[in-house]
Amino acid sequence: MCIRDSTRADLSSQGKLSDNVKWKLGARFDYDAVYNINDFYNSDVQKDQRFDAVLRENYLDYSAGNWDFRLGRQHVVWGAMVGFFFADVVSAREMREFLLPDFDQLRTPQWAARAEYFSDDYHAEFLWIPVATYDDIGKPGSEFYPNQPAPPGFNVRYQHELRPERNADNMNYGLRLSTLKNGWDVSAFYYRSTDINQTFYREIIIAPTPTLVYQARHDRINQVGSTLAKDFGDVVLKGEAVYTRGRNFTTLSAMDSDGVTPQNTIDWAAGLDFTLPAESRFNIQIFQRQYFNYDSDIISDKRENGYSLLFNTKIFNNWEAQATFISSTNRTDWLFRPRVTWSFERNWRLLVGADVFKGPPTSLFGQYDQKDRVYSEVRYSF
């Protein structure tokens, strides 16, 4: 069981230069005292996670008729499912605490130029990212670093992550079209990018000590996706699907020279969100990843299936309880997240919760089976 305490300041301001020009500035500062009071973590982890200062959204908006333009560091949210990112393929993520923070804290903005066109029920979005931001997974030895598999008798060593060069070949761009007809909100998109996710390439060294050397790299991928949503009153239907081409996955075959194999995939999710009496909400989702030209030496099954349940309710006027359960149906692999929030004063809240992992060492949640934690958060918003 891991008990943690950290401090975060998330500051932003916005305004306008004229009726057609608006701006926003933001920054976040993090300090975690645990890296000062013990030497459990190695020096690279301590340096990486003791203190952090990052720019959040910093952009200019310009409006001209049916066109809106946004230039600068910004969030681009193309999907909105519970617990996971499916169609939300653009924003990078702060993954040093896995998928546990709230999504508004987890998403990392991109430096981008975006143009949006609005006409009646139609919306077109054009996106260009000249210098991409990638997922931050931390350093080897940190709490939620994605450690790679190793057979008995082998040591494991990690090289520094290889980030793509900042050139025209690694620019990202995309197009998203959406419409709202008879209450159905439907969109489709194409996105060409250098993957925000890391792929761990492997080298095997036999002498003098058997060692697996891993290096995180970023593949060049193409993604085509779609989303839909429909409000039926007390029930909201949501669905997302994304086909990804060009991404590599870890293979367990010792005969493979670089430890990865290309696998095209389709990820989809469908969910129902119920508004219940007594200010309660219940959400249920099913999801799947399917691999094409399946290589049996990868860790995952050809079809990886799962579901999630979320229940939220008001206990008293200023108390709220929530529980989230996400599980695979292929194996015993799940995450349970109960929490209670007390809004004890205006703009103040106290949150107490837990994250409980269960599963085999190579599974999504089971890799953190020994990382269960209890946490508390005091937040002041102004």
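For every chain, the first residue of the written sequence is number 1, and numbering continues from 1 onward in sequence order. Whole-chain, interface and lining totals are the exception, using all residues; otherwise, since this is a predicted model, local features are given only for residues with pLDDT of at least 70 and side-chain atom pairs are given and counted only at 80 or more. Excluding hydrogens and water, the side-chain figures rest on all heavy atoms present in the structure.

Focus on the sheet that holds strand 14 (residues 199-205)
By definition, the strands of a sheet pair up through backbone hydrogen bonds, in either a parallel or an antiparallel sense.
Phase 1: By the convention used here, strands pair only if DSSP detects at least 2 bridges between them. The helix and strand labels rest on DSSP assignments: H or I over at least four residues marks a helix, E over at least two residues marks a strand, and numbering proceeds from the N terminus. Here we have three strands laid out as an open sheet, ordered 11-15-14, and mixed in their pairing. Each end of this open sheet is capped by a strand with a single partner; those strands are strand 11 (155-158) and strand 14. Going from strand to strand, the sheet's axes swing by 25° on average, the running direction of each strand aside.
Phase 2: As defined by bridge partners, strand 14 adjoins strand 15 (residues 211-217) across seven bridges and the pair is classed as antiparallel. Pairing of Ile-204 across the sheet is with Leu-212, part of strand 15. Note on geometry: axes are lines fitted to C-alpha atoms, helical ones only across the stretch in contact, with angles between N-to-C directions running from 0 to 180 degrees.

Some thoughts on the side chain of Thr-250
Phase 1: Here Thr-250 is to be found in strand 18 (residues 248-250).
Phase 2: N or O atoms within 3.5 Å of each other form a polar contact, as long as, within protein, one can give a hydrogen and the other can take it, and as long as residues adjacent in sequence are counted only when both atoms are side-chain atoms. At 3.3 Å, the side chain of Thr-250 and the side chain of Gln-148 are in polar contact.
Phase 3: Every residue pair with non-hydrogen atoms within 4.5 Å of one another is taken to be in contact. Setting aside residues up to four positions removed in sequence, Thr-250 forms contacts with Gln-148, Pro-149, Phe-200, Gly-259, Asp-297, Ile-298 and Ile-299.

Some words on the nonpolar core
Phase 1: Counting 25 residues, the largest nonpolar core has Phe-84, Phe-98, Leu-99, Phe-200, Phe-357 and Phe-365 as the members making the most contacts within it.
Phase 2: Of all the elements in the fold, those that place two or more residues in this core are helix 3 (103-106) and strand 15.
Phase 3: Considering each element in turn, this core owes the most residues, three residues, to strand 15.
Phase 4: Excluding residues that lie within four positions of it along the chain, Phe-357 makes contacts with Phe-98, Leu-100, Phe-144, Trp-334, Leu-335, Phe-365, Tyr-368, Asp-369, Lys-371 and Asp-372.
Phase 5: To form a nonpolar core, buried Ala, Val, Leu, Ile, Met, Phe, Trp, Tyr and Cys residues must be joined to one another through side-chain atoms within 4.5 Å. Working definition: with a 1.4 Å probe on protein chains only, accessible area under 20% of the residue-type maximum means buried, over 50% means exposed, and in between means partly exposed. Formed by 13 residues, the second largest nonpolar core is a distinct cluster that contains Val-76, Val-90, Leu-127 and Tyr-134.

Regarding a nonpolar patch on the surface
Phase 1: A cluster of nonpolar side chains, contributed by Leu-11, Phe-29, Tyr-31, Phe-51, Trp-348, Val-378, Tyr-380 and Phe-382, occupies part of the molecular surface with about 860 Å² of accessible area.
Phase 2: Mapped onto the nonpolar patch, the elements with two or more residues apiece are strand 3 (21-31) and strand 26 (373-380).
Phase 3: Relative to the helices and strands, Trp-348 resides in strand 25 (residues 348-358).
Phase 4: For Trp-348, a relative accessible area of 35% translates into the label partly exposed. Excluding any residue in a salt bridge, patches collect residues exceeding 30% relative accessible area, merging like charges within 9 Å and nonpolar Val, Leu, Ile, Met, Phe, Trp and Tyr side chains within 5 Å. Calculation of accessible area relied on Shrake-Rupley with a 1.4 Å probe; when residues are assessed, cover is drawn exclusively from the protein chains displayed. Any carboxyl oxygen of Asp or Glu that lies within 4 Å of a side-chain nitrogen of Lys or Arg is treated as forming a salt bridge with it.

Focus: the pattern of salt bridges
Phase 1: As enumerated under the stated definition, the model contains 28 salt bridges in all.
Phase 2: The shortest N-O distance in the salt bridge between Asp-135 and Arg-93 comes to 2.6 Å. Taken together, the residues span a long stretch of sequence, with Asp-135 in the loop between strand 10 (122-131) and strand 11 and Arg-93 in strand 7 (residues 92-93) at a distance of 42 residues. Accessibility assignment for this pair places Asp-135 and Arg-93 in one class, buried.
Phase 3: It is possible to trace a salt-bridge network through shared partners that takes in Asp-48, Asp-52, Glu-94, Arg-96 and Asp-136.

Overview of the pairing of strand 2 (residues 7-16)
Regular strands have side chains that alternate between both faces of the sheet.
Phase 1: Bridging between strand 2 and strand 3 involves ten bridges; their strand directions are antiparallel. Paired with Thr-7 across the two strands is Tyr-31, which belongs to strand 3.
Phase 2: Joining the antiparallel neighbours strand 2 and strand 3 is a turn of four residues.

A closer look at the environment of Gly-359
Phase 1: Here Gly-359 is to be found in the loop between strand 25 and strand 26.
Phase 2: In this structure the C-alpha to C-alpha distance between Gly-359 and Phe-144, which are 215 residues apart in sequence, comes to 15 Å.
Phase 3: Among all residues touching Gly-359, those that are not within four sequence positions of it are Thr-332, Asp-333, Gly-366 and Asp-369.

Concerning the packing of aromatic side chains
The way to describe two aromatic rings as a pair is by their centre distance and the angle between their planes.
Phase 1: Here a pair means two rings of Phe, Tyr or Trp (six-membered ring of Trp) with centres within 6.5 Å. Their orientation is stacked below 30 degrees between planes, edge-to-face above 60, and tilted elsewhere. Counted according to the given criterion, the structure contains 34 aromatic pairs.
Phase 2: Ring geometry for Trp-78 versus Phe-189: centroids 5.1 Å apart, planes at 45°, classification tilted. Highlighted residues: Trp-78 in the loop between strand 6 (67-74) and strand 7 and Phe-189 in strand 13 (residues 184-194), separated in sequence by 111 residues. Neither residue differs from the other here; Trp-78 and Phe-189 are each classed as buried.
Phase 3: Ring geometry for Tyr-307 versus Phe-325: centroids 6.2 Å apart, planes at 50°, classification tilted. With Tyr-307 in strand 22 (residues 303-316) and Phe-325 in strand 23 (residues 319-328), this residue pair connects regions lying 18 residues apart in the sequence.
Phase 4: You can call Tyr-307 partly exposed: its relative accessible area is 28%.
Phase 5: When the ring centre of Phe-232 is taken as reference, the NZ or CZ atom of Lys-230 above it lies at 4.6 Å. Consider the ring centre and the ring normal. A charge sits over the ring if Lys NZ or Arg CZ is within 6 Å of that centre and within 35 degrees of that normal.

Let's talk about the environment of Lys-238
Phase 1: Relative to the elements of secondary structure, Lys-238 occurs in strand 17 (residues 235-245).
Phase 2: Sequence separation between Lys-238 and Leu-228 is ten residues; the distance between their C-alpha atoms is 5.7 Å.
Phase 3: Ignoring anything within four residues of it in the chain, the contact list for Lys-238 reads Ala-80, Met-81, Leu-228, Ala-229, Ala-269, Ala-270 and Gly-271.

Describing the side chain of Asp-30
Phase 1: When you line up the elements, Asp-30 lands in strand 3.
Phase 2: Under the relative-accessibility criterion, Asp-30 is labelled buried at 12%.
Phase 3: Here the side chain of Asp-30 touches Arg-8 through a polar contact of 2.5 Å, side chain to side chain.
Phase 4: Once residues within four sequence positions are removed from consideration, Asp-30 is found in contact with Thr-7, Arg-8, Arg-50, Phe-51 and Asp-52.

Side note on the pairing of strand 22
Phase 1: Where strand 21 (residues 280-291) meets strand 22, eleven bridges bridge the pair, whose relative direction is antiparallel. Of the residues in strand 22, the one forming a bridge with Ile-284 is Leu-309.
Phase 2: Sheet topology note: the strand 22/strand 23 ladder contains ten bridges and is antiparallel. Paired with Gly-306 across the two strands is Ser-328, which belongs to strand 23.
Phase 3: Linking two consecutive strands that pair antiparallel, namely strand 22 and strand 23, is a turn of two residues.

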